[in-house]
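Single-letter residue listing:
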Amino acid sequence: MTKSADAQGEPSKIGRIFEATARAAGDKFLQALCDQLCVVLGVRFAWIGEFTGKGCRQLDPFSCSERGKPVTGVSFAREDTPCASLIDGGPWVFQGDLSERFPRDLFIRKHGIRSYVGIPLLSTEGGTLGVLTILHDEDLDELANVVRILEAFSARVSGELERLREHDKLIASEERFSTLLSNVRGMVYRCHNDRDWTMEFVTEGCFELTGYSPDELIMNQEASYGSLIHPDERDDVWEQVQKANASKSAYEVTYRIVLRDGSEKWVWEQGRAIQSPAGGFVLEGYIADITSQKLAEEALAESEERSSGVLKTAVDAIITMDEERRIESANPATEAMFGYSLEEMLGRNVKMLMPSPYREEHDGYVRNYVKTGERKIIGTGREVIAQRKDGSTFPIDLSVGEVRLARGRIFTGIIRDVTSRKLAENELRENEKRYRTLVAASTSTVWMTDPQGGFAAPQELWEAYTGQSWEGHRGNGWEEMIHPGDRERIGRSWAQALEKKSLYNVEGRVWCKSA
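Description of the structure in this document. (Residues numbered from 1 in each chain as written. Predicted model: local features only at pLDDT ≥ 70, side-chain atom pairs only at ≥ 80, totals over all residues. Heavy atoms only, no water.)

### Regarding the overall build of the protein chain
No. 1: Each helix and strand counted, the protein chain has 17 helices and 17 strands in total.
No. 2: Looking at the 515 residues of the protein chain, the share that counts as buried comes to 37%.
No. 3: Summarising the internal contacts of the protein chain: among those between residues at least 6 apart in sequence, 47% fall at separations of at least 24.
No. 4: Accessible surface for the protein chain amounts to roughly 29,500 Å². Of this, 51% is attributable to carbon and sulfur atoms. (Helix = DSSP H or I, 4+ residues; strand = E, 2+ residues; numbered from the N terminus. Buried < 20%, exposed > 50% of the residue type's maximum accessible area, 1.4 Å probe, protein only. Contact = heavy atoms within 4.5 Å. Areas by Shrake-Rupley, 256 points an atom, 1.4 Å probe, with all protein chains shown as cover.)

### What to know about the pattern of salt bridges
No. 1: Counted under the stated rule, the structure contains 26 salt bridges.
No. 2: Residue Asp486 is joined to Arg509 by a salt bridge in which the shortest nitrogen-to-oxygen separation is 2.9 Å. Within this pair, whereas Asp486 is found in helix H17 (residues 484-500), its partner Arg509 is found in the segment after H17, the two being separated by 23 residues in sequence.
No. 3: Take Arg509: its relative accessible area is 45%, and that puts it in the partly exposed class.
No. 4: Between Glu488 and Arg492 there is a salt bridge; the shortest N-O distance is 3.7 Å. Placement of both Glu488 and Arg492 in helix H17 is noted, with a separation of four residues, approximately one turn of the helix.
No. 5: On the basis of relative accessibility, which here comes to 44%, the residue Arg492 falls in the partly exposed class.
No. 6: Salt bridges sharing common partners tie together Glu383, Asp397, Arg421, Lys422 and Glu425. (Salt bridge = Lys/Arg side-chain N within 4 Å of Asp/Glu carboxyl O.)

### Re unusual backbone geometry
No. 1: Residues Ser356 and Pro357 are joined by a peptide bond in cis, for which omega reads 0°.
No. 2: With respect to the helices and strands, the residue Pro357 is situated in the loop between helix H12 (342-345) and helix H13 (358-372).
No. 3: Located in the positive-phi region is Lys248, a residue other than glycine, with phi close to 55°.
No. 4: Non-glycine residue Lys501 carries a positive phi angle of around 55°.
No. 5: Relative to the helices and strands, Lys501 is located in the segment after H17.
No. 6: Owing to a relative accessible area of 79%, Lys501 belongs among the exposed residues under this scheme.

### Describing the sheet that holds strand E14 (residues 327-330)
No. 1: Spatial strand order, E14-E13-E17-E16-E15: five strands in an open sheet with antiparallel pairing. With one partner strand each, in any of the chains shown, E14 and strand E15 (381-387) form the two edges of the open sheet. Each strand axis lies, on average, 35° off the axis of its neighbour in the sheet, ignoring direction.
No. 2: In terms of strand pairing, strand E13 (residues 317-321) meets strand E17 (residues 408-417) through five bridges, oriented antiparallel. If you follow Met321 over to E17, its bridge partner there is Phe411. (Pairing = 2+ DSSP bridges. Axes fitted to C-alpha atoms, helices over the stretch in contact; angles between N-to-C directions.)

### Describing the packing of aromatic side chains
No. 1: Tallied over the full model, the rule gives six aromatic pairs.
No. 2: Centroid distance Phe338 to Phe394: 5.6 Å. Interplanar angle 55°. Geometry classified as tilted. Taken as a pair, Phe338 in helix H11 (residues 332-338) and Phe394 in strand E16 (residues 393-405) lie far apart in primary sequence, 56 residues in all. Side by side, Phe338 and Phe394 carry an identical accessibility label, which is buried.
No. 3: The positively charged end of Arg156 is found above the aromatic ring belonging to Phe29, 3.7 Å away from the centroid. (Phe/Tyr/Trp six-rings, centres within 6.5 Å; stacked < 30°, edge-to-face > 60°. Lys NZ or Arg CZ within 6 Å of the ring centre and 35° of its normal.)

### Overview of the pairing of strand E7 (residues 128-136)
Both faces of the sheet carry side chains from a regular strand, because those side chains alternate between them.
No. 1: Of all nine residues in E7, eight are buried; the element is thus mostly enclosed.
No. 2: Sheet topology note: the strand E1 (residues 45-52)/E7 ladder contains six bridges and is antiparallel. Among the inter-strand pairings, Gly49 is bridged to a residue of E7, identified as Val131.
No. 3: Between strand E6 (residues 115-122) and E7, which pair antiparallel one after the other, the connecting turn spans five residues, and Gly126 there sits at a positive phi close to 95°.

### Notes on the side chain of Thr203
No. 1: By secondary structure assignment, the location of Thr203 is in the loop between strand E9 (199-202) and helix H6 (205-210).
No. 2: Not counting the four nearest positions on each side in its chain, Thr203 is found in contact with Leu181, Gly186, Met187, Val188 and Pro214.

### Here's the deal with the nonpolar core
No. 1: Counting 29 residues, the largest nonpolar core has Leu33, Leu37, Ile48, Leu132, Ile134, Leu150 and Val157 as the members making the most contacts within it.
No. 2: Mapped by element, the contributors of at least two residues to this core are helix H2 (26-41), E1, E6, E7 and helix H5 (143-182).
No. 3: No other element matches H5, which puts nine residues into this core.
No. 4: Beyond its immediate chain neighbours, meaning those up to four positions away, Ile134 contacts Leu41, Val43, Phe45, Ala46, Ser115, Tyr116, Val117, Leu140, Val146 and Leu150. (Core = buried A, V, L, I, M, F, W, Y, C linked by side-chain atoms within 4.5 Å.)

### Points about the environment of Val117
No. 1: Within the secondary structure, Val117 sits in strand E6.
No. 2: Sequence spacing of Val117 and Leu135 is 18 residues, and the spatial spacing of their C-alpha atoms is 6.7 Å.
No. 3: Ignoring any residue separated from it by four or fewer positions in sequence, one finds Val117 in contact with Trp92, Val93, Leu132, Thr133, Ile134, Leu143, Val146, Val147 and Leu150.

### Remarks on the packing of helix H1 (residues 10-21) against H2
No. 1: The contact between H1 and H2 brings their axes to 9 Å, and the two run at 145°. The handedness of the crossing between H1 and H2 comes out as right-handed. Every residue of H2 that contacts H1 at Lys13, Arg16, Ile17, Ala20 and Thr21 is listed here: Phe29, Ala32, Leu33, Gln36, Leu37, Val39, Val40 and Leu41.
No. 2: Across the contact of H1 with H2, the residue classes break down as nine nonpolar, two polar and two charged. (Left-handed = near helix turned anticlockwise from the far one by under 90°. Nonpolar A, V, L, I, M, F, W, Y, C, P; charged D, E, K, R; others polar.)

### Things to note about H2
No. 1: Here H2 spans 22 Å end to end across 16 residues, near enough to the 22 Å set by a 1.5 Å rise per residue.
No. 2: Here H2 lies mainly inside the structure; 12 of its 16 residues are buried.
No. 3: Those residues of H2 not exposed but buried are Gly26, Phe29, Leu30, Gln31, Ala32, Leu33, Cys34, Asp35, Leu37, Cys38, Val40 and Leu41.
No. 4: Once H2 ends, the next one or two residues include Gly42, with phi positive near 70°. (Expected span 1.5 Å × (residues − 1).)

Here's what the structure looks like:
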């Protein structure tokens, strides 16, 4: 305090400062206090600094005044300044040539500061928020009075600083929350618990979801959200939400809404009743578009239904098994083919359906493929012998395929009973054997041709009768052995019989060996 400013007593000065700052609050109060300290105490600088940065190494003046006028843009490090002492308690008073004591403090050197009085500003938890300081370029009298005046306002300053810090945190939190909500697909809401679901608040996502802007939905300005719920599902949604409210639990509902353009969407909603500041309660929650998911689920269900229908009606046995060759599913044809019920097969190794040595071979093929990736039966078909529940065996065509799922690999086996085919093949071989025996014993000339008229195989009797070699009569060479006068007529009869798939009987002349 200079001598000219000391004419008034300490209480009078406190009163003047209090009266000048009583109507201000927040950052306006802090700046007004700094201005009044300069004017009433007659000092050059008064400022309120806030410790910031890691370890509170930086000191940023929140409000600063020079000779009663606001000053901005002042900031400096805490180290090697008088303010560093305030971290350990205070107040601290320095007077004299401060530039010698704090040679690295550029502010003191620049302004020729000789007097410093600082009061630490403490938080409600006891930590140091910052400092309340006056600085002067002359020596001050009655420094103890200056300290008491600063102390008289330090609690108010600390409270204002804490409130401003909390306000900044709140603003930052709201900005983060607002940014988060703006990036959320779907609609976040707060609404009344009425049949209209009257909206108090909705996010911008409501336009993409419903075709209505927030202003049009809030307080039912253009449409109520309740009117958007599909008429067939309004009562069900209401009942589910009320049931959750009665048990004080969250609700989760899936339903359809009708958009502004008349199209429909499937939505999933989750929310909860919360206490309202105005009394009673409101609902807060989130609504998301699940149309794509719902359509995919319906398509999957339809696909599974079709697949199930195919499996149930398939003539072939179809079995799925895991990497350990354990049966996971089998269709009705499998039960009919092998005589086992589905319950008897599930969980058992597929080798139960084969006799030795096929069961050991097949089990080893799959096991080896799982370990090494070497294919022997995977992706191919082969003929093996199967075994029924009663122990009887029968021939089958077996093809094994692989399907990779998220939970691992499964193998699909398709089994066809080829008993009838094998019997037919055996019968055909027997018929051919009997035919050849008959031909060999016959004194007549017999031959076979393909549909184009070419010999299907060497005809021994024809060779013996005509004297023509196999090379000579292969293909359609046999026609050359027919007499030219009969060739066209016999050829026409043969062609007509071939077209009608009927027998033909024709007489004609052929060249023979004796000729």
